[in-house]
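Chain and residue survey
Below, each chain spelled out in residue letters.
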Amino acid sequence: MTISNYIQENETRFLNELYDFLRIPSVSTDPKFEPHILKTADFLAAKLQKAGAENIEICQTPRYPIVYADKIIDPNLPTVLVYGHYDVQPADPYDLWTTPPFEPTVRNGKVYARGASDDKGQMYLHIKAFEAMVQTDSLACNIKFMFEGEEESGSDGLAWFVEKEQERLKSDIILISDTGMISNELPSITVGLRGMSYVEVEVTGPNRDLHSGLYGGAVANPIQVLAEMITKLKDENNRITIPNFYDKVAELSAEERAEMAKIPHSEEIYRADLDLKTTDGEKGYSTIERASIRPTLDVNGIWGGYIGEGAKTVLPSKAYAKISTRLVPNQQHEEITQLIANYLQEIAPQTVTVKVTPHHGAVPAVVSTKSIAYQAASKAYETAFGVKPVPVRSGGSIPIVPMFKEKLGADSMMMGFGLDSDAIHSPDESFGIFNYLKGIETIPLFYQYFAELNQ
Ligand code: BES
Ligand code: MN
Ligand code: MN
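None of these values were measured; they are calculated from a predicted model. Residue indices begin from 1 for each chain and proceed along its sequence in written order. The naming scheme follows written order: chains are lettered A onward, ligands numbered 1 onward. It should be noted that, the model being predicted, local features are given only for residues of pLDDT at least 70 and side-chain atom pairs only at 80 or more, the latter also being counted only at that level, while totals for whole chains, interfaces and linings use all residues. To obtain the side-chain values, all non-hydrogen atoms of the structure were included, while hydrogens and water were left out.

**Considerations on the sheet that holds strand β4 (residues 105–107)**
For two strands to count as paired, DSSP must find a minimum of two bridges between them. Helix and strand assignments follow DSSP, with helices taken as H or I runs no shorter than four residues and strands as E runs no shorter than two, numbered in order from the N terminus. The antiparallel open sheet is built from three strands, whose spatial order is β4-β5-β18. A strand with exactly one partner marks an edge of an open sheet, and here the two such strands are β4 and β18 (430–432). Between one strand and the next, the sheet's axes are offset by a mean angle of 30°, whatever the strand orientation. Relative to β18, strand β5 (residues 110–112) is paired through three bridges, and the arrangement is antiparallel. Pairing of Tyr-112 across the sheet is with Ser-430, part of β18. Any two residues whose heavy atoms approach within 4.5 Å are treated as being in contact. In this analysis an axis means a line fitted to C-alpha atoms, helices contributing only their contacting stretch, and an angle means the value between N-to-C directions, from 0 to 180 degrees. Here helix α3 (residues 116–135) sits on the sheet and contacts β5 and β18; the angle it forms with β18, its principal contact strand, is near 40°. Relative to the sheet, helix α12 (residues 433–454) contacts β4, β5 and β18, its axis offset from that of β18 by approximately 55°.

Structure follows, in structure tokens:
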């Protein structure tokens, strides 16, 4: 039986298994969900076993477990390490979902659920592709699986695991489906990721919440102060004003920028999709450049004072914000975190004290389009989709990619099947049934071509 036939015959079951996976609310950032995370690890271990994997182990880390499994068929064949993450972003706010985030529902050819695209749908398709290869006796490479449960909250346990398990994780390439494509008509291969520095800022004014009538006008309001500090982080050209922030940014050559400009992109569709009158960003760069090869800074949340029902006349003691930057080669997140903290202290007026607490960071990455893995991936998409994929740099971050390069010297191949319209991290996240099944079809082709090209 061919792989295509096998996929067709098992389509319904493949989908139902994904829905079962999506029903477990494996949110990693909120400790309340821990039992669900652990249940998800068990679920995966069982599915890997059924699919024909060996040496299955739920590996403990300082935080959430990593699920490992492999199938080594011939030491002379190349070894592919499949990475994915089984944790998801919080689904809040729940009331913005058309159907509940952990009750997968199919509408217009897509399954709606938190994690449908990021990354449960995209990682589960690897287990089904593996099953299809085993059942049709067409496995062309050795496979190792490594699925983590805390990608969405910084991958701390992963660094520890990779450090300790270098031997077990040895492979020729890391294969990851945790990114997107331009469209179903024009697949793309992600060859770049941005890094990140993330801080939380606490601004304290008076030592207690005050009556805004008795004290207002005479004591600085920390929410106002924080807002003013935030507006000082970018200038009128949307350049980040933090001193030395851009020092290590690798600029693209004119040729590289010309190449990027060929990526199909419609400002009109982009705006319409987001209900925006206009886009905005660093002067002198295109929308695609702003969201991929340029660093940026965003306020992720801001709070303080009274936000309950009705009106409370209060001059609050504290104000808070969560601020992240996206970084590009060769910026270093530890260094940028320090620059941000220093600058916030520097611009803080006498009226307040400022505390900056770093969260997780991530390292940017760029991978080659000249490698055997890239050629194999390109051929796989071309065969499955009938169109040659284009390389693109993405604005998102995946901590494992630079980590593997640094710790194991191994390169990653990012074969994403998601779309921007999947709305990852947003309410109503979805994943196309077409994309899921097409992914299951494309991945075995990658193994086949990767083995052939490695000979
Ligand atoms: N899968 C995403 C990253 C992604 C999505 C990269 C689409 C490229 C295209 C990943 O799960 C993610 O959300 N990463 C976080 C970083 C992490 C350190 C919290 C991100 O980019 O915000
Ligand atoms: Mn992801
Ligand atoms: Mn994510």
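**Looking at the coordination of the manganese ion (ligand 2)**
For the manganese ion (ligand 2), the full set of protein donor atoms is His-85 (NE2), Asp-118 (OD), Asp-178 (OD) and Asp-178 (OD), at a range of 2.0 to 2.5 Å. Distances decide who is a donor: an N, O or S atom must be within 2.8 Å of the metal, or within 3.2 Å for Na, K and Ca. Water is not included, so sites may look incomplete. Every geometry call rests on angle ranges, with four donors termed tetrahedral when all angles are between 85 and 135 degrees, four termed square planar and six termed octahedral when opposite donors are over 155 degrees apart and all others are between 65 and 115, and everything else termed irregular. Every donor counted, the six donor atoms about the manganese ion (ligand 2) form angles of 56 to 164° at the centre, which fits irregular coordination. Sequence positions of the residues that donate to the manganese ion (ligand 2) give the spacing H-x32-D-x59-D. Between the manganese ion (ligand 2) and the manganese ion (ligand 3), a separation of 3.6 Å is found, and both are coordinated by Asp-118. Taken together, the residues His-85 in strand β3 (residues 79–85) and Asp-118 in helix α3 connect sequence positions 33 residues apart. For Asp-118, a relative accessible area of 8% corresponds to the buried category. Only protein chains enter the area calculation, which uses a 1.4 Å probe; residues under 20% of their type maximum are buried, those over 50% are exposed, and those in between are partly exposed.

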